[in-house]
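A structural walkthrough
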Number of protein chains: 2
Amino acid sequence: MAVGDRPYHHGDLREALIEAGLTLTRQEGPEALRMREVTRAVGVSPNAAYRHFADRRELLDAVGQRIQHLMVDRMVALRSGTGDRATQAIDGLRAVGLGYIDFALGEPGWFAVAFFPAPGSRPEDAAPREAPPYRMLVDALDEMVAAGLLGAAARDGARWACWATVHGFAGLATRGPLAALPPAEVRRQARRVVEAIIDGVCRERPT
Amino acid sequence: MAVGDRPYHHGDLREALIEAGLTLTRQEGPEALRMREVTRAVGVSPNAAYRHFADRRELLDAVGQRIQHLMVDRMVALRSGTGDRATQAIDGLRAVGLGYIDFALGEPGWFAVAFFPAPGSRPEDAAPREAPPYRMLVDALDEMVAAGLLGAAARDGARWACWATVHGFAGLATRGPLAALPPAEVRRQARRVVEAIIDGVCRERPT
DNA sequence: ATCCTAGTGTGTACGGTGTCCACATTGCCA
DNA sequence: TGGCAATGTGGACACCGTACACACTAGGAT
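Attention here is on the structure that accompanies the text. Source: prediction; values computed, not measured.

The subject of this paragraph is the overall build of chain A. Scanning chain A for helices and strands turns up 9 helices and 0 strands. Helices and strands in chain A line up, N terminus first, as α-α-α-α-α-α-α-α-α. For chain A, the residues scored as buried account for 52% of the 207 residues in total. For chain A, long-range pairs separated by at least 24 residues make up 73% of all intrachain contacts whose partners lie at least 6 apart in sequence.

This is the structure:
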């Protein structure tokens, strides 16, 4: 059953490939995910991967989704539930925004895999509307509405506005000019930016 | 002097390579810039490019800077100078934001080259602080301060907040889930998002 | 218990890429 | 007019993604 000590069939190769992809992309980002290297890391022939993923991109997408789940895991760990409903709601929204940015700053390679996988990736399934971090944001905004801090009519626009701001800041901070600033300053600016968009979104009147 | 009809020396090969890079990346984005194809388009041997650019990335960066200049060219065309100083200032800021987004929507390939060149690009020189579109934003915010619509202390933070929002929206709209929405809806949301961040930034109190 | 089939991994090969090296050609300046 | 620095060429190397045909193995039907 085995010529070396490893059986011919790997057991759960699909999972192993995704995990190898995770460790490979953590430092260098999506470019570091090369079929030959992933399979090499798992100790398997390059073509074996094609039994589980049609493409390099399909594997990369799978890794990206896994990373999005890691992301929400870290984000939920930030929530603190004290105070009345209004402060809880606003704290929750803040936590989502800062958590998103913190993850990007702490794991720039992974963040790039999750949200900038490949320049030519087809956008419709790149980061579907059900992206877990996006759901967290949606929930946080619903809490704001329930607490009376945000008009129900403004909710839809607020989703895009909040996501855009936080996402853009993360992009500028990881692969843009903000990366040149010292990390403490970056975090300080992150807090200001999050406050600004929360303010702007709460003031928004329906159009 | 010529074996075919083209002289051995190209004249301005560096410029020709950049222009070929522009046309190659316009549709498909940064990935479409391949050394062999660029040189092929110019009618020159692949290695000739290495007399003018150390790397593929160096050429890609040059193309990206060129695109940033194209971007401001289109953005300045949007400015309309009517009304009093305050309305001019706020209209200018709006125009910068919407112009940024419009360019990204109209030229997603180029936008990606300018701001998401390669996942592994070293961020310090990726989009230096003097990026032309960023300078436009800085100027617009200075006008806001001069018009008394923005506190001088808040200006620094406002720069990052505005850029992050607009940049993030462009990213979501070109390679993210917003790309799935109909273009008219995207533009509508763009207007709301820009309004929201302007509101938020103007309300900001110093920290 | 045996066979067969579907699932999974392997070997080989092809075309493409970025980039290094040695060499060819040319324009320019002393 | 000679020579030198700049510029373009040809060939080669290592690597990549992936298609094709084949090998092995597990597990259900007989």
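What follows deals with the packing of helix H8 (residues 155-175) of chain A against helix H9 (residues 183-203) of chain A. Residues and elements named next belong to chain A. Relative to each other, H8 and H9 sit at 165°, their axes nearing to 10 Å. In terms of orientation, H8 and H9 fall into the roughly antiparallel class. Regarding H8 and H9, the two cross each other, and that crossing is right-handed. Residues Ala158, Ala161, Cys162, Thr165, Phe169 and Ala173 of H8 pack against Val186, Gln189, Ala190, Val193, Ile197 and Val201 of H9. Tallied by class, residues from the contact of H8 with H9 come to 10 nonpolar, 2 polar and no charged.

We now examine the environment of Gln68 of chain A. All names here are of chain A. Structurally, Gln68 is set in helix H3 (residues 56-76). For Gln68, a relative accessible area of 5% translates into the label buried. Along the sequence, Gln68 and Ala131 sit 63 residues apart, while their C-alpha atoms lie 7.3 Å from each other. Discounting chain neighbours no more than four positions away, the residues touching Gln68 are Ala114, Phe115, Ala131, Pro132 and Pro133.

Residue and element names in this part refer to chain B. Of the positions making up helix H2 (residues 35-42), those classed as buried are Met35, Val38, Thr39 and Val42. In a view along the axis of H2, the buried residues occupy a sector of 95°, so they form one face of it. Structural note: H2 exposes Arg36, Arg40 and Ala41 on the side pointing more than 90 degrees away from its buried face. One or two steps after H2, the chain reaches Gly43, where phi turns positive at roughly 85°.

Moving on: the nonpolar core. Formed by 137 residues in total, the largest nonpolar core has its most connected members in Leu59 and Phe169 of chain A together with Leu59, Tyr100 and Phe169 of chain B. What Phe169 of chain A contacts, discounting residues up to four positions off in sequence, is Ile101, Leu178, Val186, Gln189, Ala190 and Val193 of chain A together with Trp160 and Ala164 of chain B.

What follows deals with helix H4 (residues 85-106) of chain B. Compared with the 32 Å implied by 1.5 Å per residue over 22 residues, the 30 Å span of H4 of chain B between its first and last C-alpha is a close match. Here the buried face of H4 of chain B lies against helix H3 (56-76), helix H5 (108-115), helix H6 (132-146), helix H7 (155-175) and helix H8 (183-203) of chain B.

Residues and elements named next belong to chain A. Relative to the helices and strands, Leu22 is located in helix H1 (residues 13-28). By relative accessible area, Leu22 is classed as buried at 11%. For the pair Leu22 and Trp110, spaced 88 residues apart in the sequence, the C-alpha separation amounts to 7.7 Å. Every residue in contact with Leu22, bar those within four places of it in the chain, is listed here: Val63, Arg66, Ile67, Leu70 and Trp110.

What follows deals with the packing of aromatic side chains. For the structure on display, the rule yields 16 aromatic pairs over all chains. A ring pair is formed by Trp160 of chain B and Trp163 of chain B, whose centres lie 6.4 Å apart and whose planes are at 10°; its orientation type is stacked. Residue Trp160 of chain B and its partner Trp163 of chain B are located together in helix H7, separated by 3 residues, close to a single helical turn. Aromatic rings pair up to connect Tyr100, Phe111, Phe115 and Phe116 of chain A together with Tyr100, Phe111, Phe115, Phe116, Tyr134, Trp160 and Trp163 of chain B into one cluster. The ring of Trp110 of chain A carries Arg26 of chain A above its face, with NZ or CZ at 4.4 Å from the centroid.

So, about the pattern of salt bridges. If charged atoms from side chains of opposite charge come close, those side chains can pair. All names here are of chain A. Enumeration according to the criterion identifies 24 salt bridges over all chains in this entry. Here Arg74 and Glu107 are joined by a salt bridge, their closest N and O atoms 3.1 Å apart. Of this pair, Arg74 sits in helix H3 while Glu107 sits in the loop between helix H4 (85-106) and helix H5 (108-115), placing them 33 residues apart in sequence. Arg74 sits in the partly exposed class, given a relative accessible area of 40%. Classification of Glu107 as buried rests on a relative accessible area of 6%. Across the pair Arg159 and Asp142 runs a salt bridge, and its minimum N-O distance is 4.0 Å. Taken together, the positions of Arg159 in helix H8 and Asp142 in helix H7 (residues 132-146) put the pair 17 residues apart, joining distant regions of the chain. In this structure Arg159 comes out as buried when scored by relative accessible area, which is 18%. Judged by its relative accessible area of 27%, Asp142 falls in the partly exposed class. One continuous salt-bridge network, built from bridges that share partners, spans Asp142, Arg155, Asp156 and Arg159.

On to empty space enclosed by the protein, then. Residues and elements named next belong to chain B. All told, the structure shown has 6 cavities of 30 Å³ or more when counted by the stated rule. Volume-wise, the largest cavity comes out at about 140 Å³. In terms of lining, the largest cavity is formed by 14 residues, of which the most central are Val96, Gly97, Leu137, Cys162 and Val166. For the lining of the largest cavity, the elements supplying multiple residues, two or more each, are H4, H6, H7 and H8. Here the lining of the largest cavity gets 4 residues from one element, more than from any other, and that element is H4. Of the residues belonging to the lining of the largest cavity, the class tally is 13 nonpolar, 1 polar and no charged. What the second largest cavity holds in volume is close to 110 Å³.

The rules behind the values
- Residues numbered from 1 in each chain as written.
- Chains lettered and ligands numbered in written order.
- Predicted model: local features only at pLDDT ≥ 70, side-chain atom pairs only at ≥ 80, totals over all residues.
- Heavy atoms only, no water.
- Helix = DSSP H or I, 4+ residues; strand = E, 2+ residues; numbered from the N terminus.
- Buried < 20%, exposed > 50% of the residue type's maximum accessible area, 1.4 Å probe, protein only.
- Contact = heavy atoms within 4.5 Å.
- Axes fitted to C-alpha atoms, helices over the stretch in contact; angles between N-to-C directions.
- Parallel < 35°, antiparallel > 145°, perpendicular 65-115°, else oblique.
- Left-handed = near helix turned anticlockwise from the far one by under 90°.
- Nonpolar A, V, L, I, M, F, W, Y, C, P; charged D, E, K, R; others polar.
- Arc of directions from axis to C-beta.
- Core = buried A, V, L, I, M, F, W, Y, C linked by side-chain atoms within 4.5 Å.
- Expected span 1.5 Å × (residues − 1).
- Phe/Tyr/Trp six-rings, centres within 6.5 Å; stacked < 30°, edge-to-face > 60°.
- Lys NZ or Arg CZ within 6 Å of the ring centre and 35° of its normal.
- Salt bridge = Lys/Arg side-chain N within 4 Å of Asp/Glu carboxyl O.
- 1 Å grid on protein atoms, 1.4 Å probe; cavity = no way out; pocket = protein on both sides within 12 Å on 5 of 7 lines; lining within 4 Å.
- Points joined across faces, edges and corners; volume = space filled by probe spheres on them.

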